[in-house]
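# Understanding the architecture of this molecule
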2 protein chains.
Amino acid sequence: MSKRTIIRLSKYKNALYRLKKMGFVKVFSDNLADAVGVTPAQVRKDFSMFGISGNKRGGYTVAELVEKLNKILGKDKVQDVIVVGTGHIGTAMMNYRGFEKENIRIVAGFDIDPAKYNADEKIPVLQLDKMRGYVKEHGIRVGIIAVPDIAAQQVLEIMVSAGIKGILNFAPINLKGEEDTVINNVNLGLELENIIYFINTDKKGVINEDTDA
Amino acid sequence: MSKRTIIRLSKYKNALYRLKKMGFVKVFSDNLADAVGVTPAQVRKDFSMFGISGNKRGGYTVAELVEKLNKILGKDKVQDVIVVGTGHIGTAMMNYRGFEKENIRIVAGFDIDPAKYNADEKIPVLQLDKMRGYVKEHGIRVGIIAVPDIAAQQVLEIMVSAGIKGILNFAPINLKGEEDTVINNVNLGLELENIIYFINTDKKGVINEDTDA
């Protein structure tokens, strides 16, 4: 299973939430294809890969589909997540409104700057020294790295040694972990650079990494 | 040319900057493969696609390679960029330190909240009404959308009508534009969700979208 397949599944799910709000009860592969920007065949292929099949006329029941996708995506239970580094990006993630409906809960932030500490907030910001103990005590398995690039590798090692298994890294450096750790490196600078490349070479359209090709 | 190819080229370039700082004069495809997490064959394939060839022993000159990659990526001249929406993510982008060395300059932010206006800052925050005029006057071609999802499509339309050709969208909605517009949709929530899926299904390692497969 590729990252792109999972991204597509997440996008189908998000589109389904919106359609559900609009009163949709049934949905067709063409609808989801339009919403996500892939072909209907891709939608059907993705679903059949996970044993999800439509009815005779090719439609799916929205509620069932949401439930199945959430189960596949591991979102049928709440996942607690910590944020390390509470600068602009870390704070953005701590305040991201879309997580709650995804059963994701940011439970604490950590920083080395004492000016940032605030243990009384709804999502407390604690000193970095306390991160290891916090992760062990609360059984945290997922964390976000939003520290400067020079600090990122060391922070990663502390997180992993404390028991964290999945990491979203915003530091502009390609972090590598041990075999049993999942790391998703997101470099916001590169995302902008890609656009500049495309407009300078007159390639147009939505930059699409979602269709297997 | 796929988005992934461009991302790899950007990553090679970033690795080369670091190696140059460390005193490297020559570099081999194996070095870049290690730094970026792809195979040496992929590095050579990417380079040869753009007419970049190594010397007899398979090495490349760092300085030449940086220059060629910057030219391919359209970074031999400064690109001015605006940010629309100056919440946490917009502010993070306005303060992102990595842009300068990439010849990217964030020149202004725009918001509908008067409390955010600050025309005297180094990077001014102006009212959204002024965006269209600013873009036209300064010939801006690239913009970042960091507004809530319900406002994103309208903001996109204003930007495009003012002359913007490339857009990095952080609103958690899949924006679509006209044929001559490049849109890169980045959904930070999905990036975190991917990790949770992976750790829940016991798939491990770096989530890698960089290798064509």
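Source: prediction; values computed, not measured.

### Quick word on the pairing of strand 8 (residues 182-185) of chain B
Residues and elements named next belong to chain B. Covered by surrounding structure in strand 8 are V182 and N184 together with I183 and N185, the residues of both alternating faces. Pairing analysis gives four bridges linking strand 7 (residues 166-169) to strand 8, with the strands arranged parallel. Considered in strand 8, the bridge of N169 is made with N185.

### Side note on the relation of the copies chain A and chain B
Laying chain A over chain B is done by rotating through 180° and shifting 0.0 Å along the axis; what remains is an RMSD of 0.0 Å. Here the copies are linked by what is in effect a two-fold axis. Both copies share a contact surface, since 100% of the interface residues of chain A are interface residues in chain B too.

### Some details on the confidence of the model for chain A
Low pLDDT means the predicted atomic positions in that stretch should not be read closely. Residues and elements named next belong to chain A. Of the residues in chain A, 92% have a pLDDT of 70 or more, and the chain-wide mean is 86. Ranking the elements of chain A by mean pLDDT puts strand 9 (residues 205-206) last, at 57, and strand 5 (residues 125-127) first, at 97. The ipTM assigned to the predicted complex is 0.71, against a pTM of 0.74.

### Overview of the pattern of salt bridges
Inspection of the entire model under this criterion finds 10 salt bridges over all chains. Residues R105(A) and D80(A) are paired through a salt bridge, measuring 2.8 Å at the closest nitrogen-oxygen approach. With R105(A) in strand 4 (residues 104-111) and D80(A) in strand 3 (residues 79-84), this pair connects stretches of sequence that are 25 residues apart. Residue D46(B) is joined to R8(B) by a salt bridge in which the shortest nitrogen-to-oxygen separation is 2.6 Å.

### Observations concerning the pairing of strand 7 (residues 166-169) of chain A
All names here are of chain A. Burial of strand 7 is two-sided: the residues G166 and L168 facing one way and the residues I167 and N169 facing the other way are all buried. Where strand 6 (residues 142-145) and strand 7 come together, four bridges link them in parallel fashion. Across the sheet, residue I144 finds its bridge partner in strand 7, namely L168. What joins strand 6 to strand 7 is helix 7 (residues 149-162), and the crossover it makes is right-handed.

Rules of the game
Residues numbered from 1 in each chain as written. Chains lettered and ligands numbered in written order. Predicted model: local features only at pLDDT ≥ 70, side-chain atom pairs only at ≥ 80, totals over all residues. Heavy atoms only, no water. Buried < 20%, exposed > 50% of the residue type's maximum accessible area, 1.4 Å probe, protein only. Helix = DSSP H or I, 4+ residues; strand = E, 2+ residues; numbered from the N terminus. Pairing = 2+ DSSP bridges. Least-squares fit on C-alpha atoms with pLDDT ≥ 70 in both. Contact = heavy atoms within 4.5 Å. pLDDT = per-residue confidence, 0-100. Salt bridge = Lys/Arg side-chain N within 4 Å of Asp/Glu carboxyl O. Right-handed = clockwise from strand over helix to strand, strands pointing away.

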